[in-house]
Amino acid sequence: MEITDGIHRVEGLKGVNAYFLINNEGVILIDTGMPGNAERIITQVKSLGKGEDDITHIIITHADIDHCGSAADLKKMTGAKLAIHEGDAASICGETELKKVKGFMKVIFNTMSLFMRFVPIKPDIILQDGDEIDGLKIYHIPGHTNGSICIYKPNKAIFTGDAIITIGKGGPRGPMGIFTLDMAQAWESINRLNNLELEYDILLPGHGNPLTHNASLKVKELKK
């Protein structure tokens, strides 16, 4: 689904969002969904008139299995450079375990893990706060995970992973507590992001529908 010129949401991923960002250099994939989604993603990029070889980068907003689960397969199929923040690099490499889910959802995720195996993968690019990839600015916003990032396309859009989502009434909200390592830190990150005074009309969350009008103003109204 086209969100705006050059930005498309991958269709058919259950419960999570991933996006294509098309530019003059090729295609950047932001997040990959759960394990088993690689073929679906490749089919959709072909429907946009591109091929798997056109995917130059795969940027992971954070190392939760629903966002990086198909990263290993897609890197193998496309040859794209895989990028993730240094705070989550050890998790996606398999050097440390992926984040544990809290509360009643722990049972559900443990059951799902019996059927969907996460394949560790070594990233090509270890991101830090302030880095840039093809004109996209990376901002480190820890809390949901240690290495959560936002990806900012200046004066147009921001990809927020699970740091800011739109589940519920449709407006922006902070991350869900049962899935978040440190809620206090997550809100500190949201406040820091707002203090940067970034301008963007479009917000592209990891969960929920994109906001396509006055998104930066709506995020500034967020309260803990």
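Before reading on, note that the structure itself is shown above.
Nothing here was measured: the structure is a model prediction, and the numbers come from that model.

Observations concerning helix α6 (residues 183-195)
- End to end, α6 covers 18 Å across 13 residues, agreeing with the expected 18 Å (1.5 Å per residue, within 8%).
- Among all positions of α6, only Ala 186, Trp 187, Ser 189, Ile 190, Leu 193 and Asn 194 are buried. Viewed along the axis of α6, the buried residues span an arc of 155°, placing them on a single side of the element. Exposed residues pointing more than 90 degrees away from the buried face of α6 are listed as Glu 188 and Asn 195.

Overview of the sheet that holds strand β1 (residues 2-4)
- The seven strands are arranged β1-β2-β3-β4-β5-β6-β7 in an open sheet whose pairing can be described as mixed. The open sheet has two edge strands with one neighbour each: β1 and β7 (125-127). Between one strand and the next, the sheet's axes are offset by a mean angle of 25°, whatever the strand orientation.
- In the sheet, strand β3 (residues 19-23) pairs with strand β4 (residues 26-30) via five bridges, with the strands oriented antiparallel.

As for unusual backbone geometry
- Positive phi is not limited to glycine here, since Asp 134 has a value of about 50°.
- Looking at the secondary structure, you find Asp 134 in the loop between β8 (132-133) and β9 (136-140).

A few points about the nonpolar core
- Grouped together as the largest cluster of nonpolar side chains are 29 residues, with contacts concentrated most on Leu 29, Ile 55, Ile 58, Ile 60 and Ile 92.
- Those elements giving two or more residues to this core turn out to be β4, α1 (38-47), β5 (55-59), α2 (65-68), α3 (71-78), β6 (81-85) and α4 (86-93).
- The biggest single contributor to this core is α1, with four residues.
- Formed by 18 residues, the second largest nonpolar core is a distinct cluster that contains Ala 83, Ile 133, Ile 138 and Ala 157.

Let's talk about the pairing of β3
- When you tally the buried positions in β3, you get four out of five residues, the bulk of the element.
- Summarising the sheet, strand β2 (residues 7-9) and β3 pair through three bridges and their orientation is antiparallel. Counterpart to Ile 7 in the pairing with β3 is Leu 21.
- The hairpin turn running from β3 into β4, its antiparallel successor, is two residues long.

Quick word on the pattern of salt bridges
- Going through the model one piece at a time under the given rule, you end up with five salt bridges.
- Note that Lys 75 is salt-bridged to Asp 124, the shortest N-O span being 2.7 Å. Pair noted here: Lys 75 is in helix α3 and Asp 124 is in the loop between α5 (105-113) and β7, with a separation of 49 residues, a long-range link.
- When its relative accessible area of 42% is taken as the criterion, Asp 124 is described as partly exposed.
- Across the salt bridge formed by Arg 192 and Asp 129, the nearest N and O atoms sit 2.8 Å from each other. Note that Arg 192 is positioned in helix α6 and Asp 129 in the loop between β7 and β8, a separation of 63 residues in sequence.
- Its relative accessible area of 39% is what places Asp 129 among the partly exposed residues.

Reading guide: rules and limits
- Residues numbered from 1 in each chain as written.
- Predicted model: local features only at pLDDT ≥ 70, side-chain atom pairs only at ≥ 80, totals over all residues.
- Heavy atoms only, no water.
- Helix = DSSP H or I, 4+ residues; strand = E, 2+ residues; numbered from the N terminus.
- Expected span 1.5 Å × (residues − 1).
- Buried < 20%, exposed > 50% of the residue type's maximum accessible area, 1.4 Å probe, protein only.
- Arc of directions from axis to C-beta.
- Pairing = 2+ DSSP bridges.
- Axes fitted to C-alpha atoms, helices over the stretch in contact; angles between N-to-C directions.
- Core = buried A, V, L, I, M, F, W, Y, C linked by side-chain atoms within 4.5 Å.
- Salt bridge = Lys/Arg side-chain N within 4 Å of Asp/Glu carboxyl O.

Limitation: the analysis is restricted to geometry and does not speak to function.
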